[in-house]
Amino acid sequence: MFENIGEIVLLFWRTLLALPLVWRQRQKVFEQFFEIGNASLLMVCILSFFIGGVLALQTGPLLTEKSLGSYLGGIVGYSICRELAPIMMSILIAGRIGSAMAAEIGSMRVYQEIDALRTMNINPIHYLVLPRLVAMAFALPMLVIVAILVGWFGGAVVAEGNNHIGLSFQAFYFSLRQFVESKDVANGIFKTFCFALIIAVVSCHQGLMTIGGPRGIGRSVTKAVVNSIVLIVIFDYVLTRVLMLFNK
Amino acid sequence: MNASAPNPYGVSVQVRGLRKSFDGQEVLKGIDLEVRPGEIFVIMGPSGSGKSVLLKHIIGLDPPDDGEILINGESIQTPEIASKYRLALVFQSGALLNSLTVGENVGLYLTEHRLKSPEEISKIVSEKLEAVGLKDVADKMPNELSGGMKKRVAIARALVIEPQLILYDEPTSELDPLSAVVIGEEILKLKNEIHVTSIVVSHDRELAFGVADRIAVINDGRIVTIGTPDEVKKTSDPLVQRFLNADFKRDPPKPKAYEKFT
């Protein structure tokens, strides 16, 4: 396990050292960026709309009963931007894109394509890992911005449409503006940026470490997703704690 | 690294006391051999004898447990070696990048190292593909090609590097006899035209005796014999003789168990 962590840290460090070469790999960065966005945008919108909606549905009637209905926008808005959108979207992307990265790089390893790159003096970290890391670092925070907006919208729709809540759009928006500050959104996006790095590095590492045939690729994909999710949850706590210190 | 530089001579390769184990099982048990600049050196041996592992060590893909590999007297493990000498390996499977077209695969070295303009790369790709007898395949994906075509594309990809040392891993496996002859002729043509040093791993006797300047027979991780094709044919080693003369018998001796019941 510690050997794995060491390898992941080393891979991350080597990829950071290769950052000056990113312009040369810009076409691959755009391809990956498109792949991540195109494959996930609709799913992100559906997921975040219903997360916002169910949050309003669960808390709205209770708050209304206690005459605290005007706080609903703030509660939904704060929860989504600080916690739910970053973590739920990161888990979604780990499952959808992280698995694809591990499978693609894993099959390249198994079928000697990575060896072929090395014989041509092409560094697999520059060619494969760097574009994926950079694309993920940009794409995931952008998806989370969309998720936050759609989640707020989902909460507002349910707040207005549900008979037990009956909070108007304007009232929801006013409550949201009152409680949620731009630094809350920035915190959520910063966390997402860190999660994006985790997903890309863990998935690429698992791909590069793949051994065996199709079964080995399957094992790598599972490990990439599980390890990414575990690390995301652990880092979520650590980052939240650290950001609370800065926000005091 | 300059792919356009002239390539007057191949490089020499020396393997000294090479040992390698995987999970406690020793695959290479002290290999010593020397390949001269510009010669075609064929490594033969039965399946599982360590030929492909030896090839991967020679090009530096695997580090040895013990011993060393020298290219023109310099260790293959030296970081600068990849930029100092142009080495290429034609994989058994071709190892073409499946996400790229044939043309992109062939031109990958030039594109990634930014050695030529896109127009020049496109021209070189067409030339090299034609040199291995392939036309109008540059826009195809590797999965649209037959096994023989993939191998020839892999050779074209190696040619683009203008290598000083080219290694072939089972270049004629899975090929029909006609395609195998084409590959053999390609190997000879490269030696005659650009004097590249070639190391060919194969258990194809026709190919080995057809193209080799010298042959090494390897078995169970050890070199059994090294010599010119004639010397190897005349060797008295029983394993080499069995390997070289193995053939089907139309009326094989009946198994003992069969005799017992009849």
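Please refer to the structure placed before this passage.
What counts and how
- Residues numbered from 1 in each chain as written.
- Chains lettered and ligands numbered in written order.
- Predicted model: local features only at pLDDT ≥ 70, side-chain atom pairs only at ≥ 80, totals over all residues.
- Heavy atoms only, no water.
- Helix = DSSP H or I, 4+ residues; strand = E, 2+ residues; numbered from the N terminus.
- Buried < 20%, exposed > 50% of the residue type's maximum accessible area, 1.4 Å probe, protein only.
- Contact = heavy atoms within 4.5 Å.
- Pairing = 2+ DSSP bridges.
- Core = buried A, V, L, I, M, F, W, Y, C linked by side-chain atoms within 4.5 Å.

**Q** Kindly report on the overall build of chain A, identifying the contributing residues and their values.
**A** Looking only at helices and strands, chain A features 8 helices and 0 strands. Shown N-terminal to C-terminal, the secondary structure of chain A runs as helices and strands in the order α-α-α-α-α-α-α-α. Taken across its 248 residues, chain A has 48% of its residues classed as buried. In chain A, once contacts between residues fewer than 6 apart in sequence are set aside, the share between residues at least 24 apart is 86%.

**Q** Residue-level account of unusual backbone geometry, with values.
**A** Residue and element names in this part refer to chain B. A positive phi angle is found at Ala-95, which is not glycine, with a value near 50°. With respect to the helices and strands, the residue Ala-95 is situated in the loop between β6 (87–90) and α3 (102–106). A positive phi angle, near 50°, is found at Asp-220, a position not held by glycine. Inspection of the secondary structure puts Asp-220 in the loop between β9 (214–219) and β10 (222–227). Of the residues examined, Asp-220 reaches a relative accessible area of 43% and is grouped as partly exposed.

**Q** Now, about the pairing of strand β2 (residues 25–35) of chain B: what can you tell me, with residues and values included?
**A** Residue and element names in this part refer to chain B. Bridge count between strand β1 (residues 13–22) and β2: 8 bridges; the pairing is antiparallel. If you follow Lys-20 over to β2, its bridge partner there is Leu-28. In this antiparallel pair of consecutive strands, β1 and β2, the connection spans 2 residues, and Asp-23 shows a positive phi of 50°.

**Q** Before we move on, can you summarise the nonpolar core with the specific residues and values?
**A** In this structure, Leu-72 and Met-136 of chain A together with Val-42 and Leu-129 of chain B are the most contacted members of the largest nonpolar core, which totals 113 residues. The greatest single-element share of this core, amounting to 20 residues, is contributed by helix α5 (residues 124–161) of chain A. Excluding anything up to four places from it in sequence, Val-42 of chain B contacts Val-200, Ala-208, Val-211, Ala-212, Arg-214, Ile-215 and Ala-216 of chain B. Grouped together as the second largest cluster of nonpolar side chains are 33 residues, Phe-41, Ile-43, Ile-69 and Phe-91 of chain B included.

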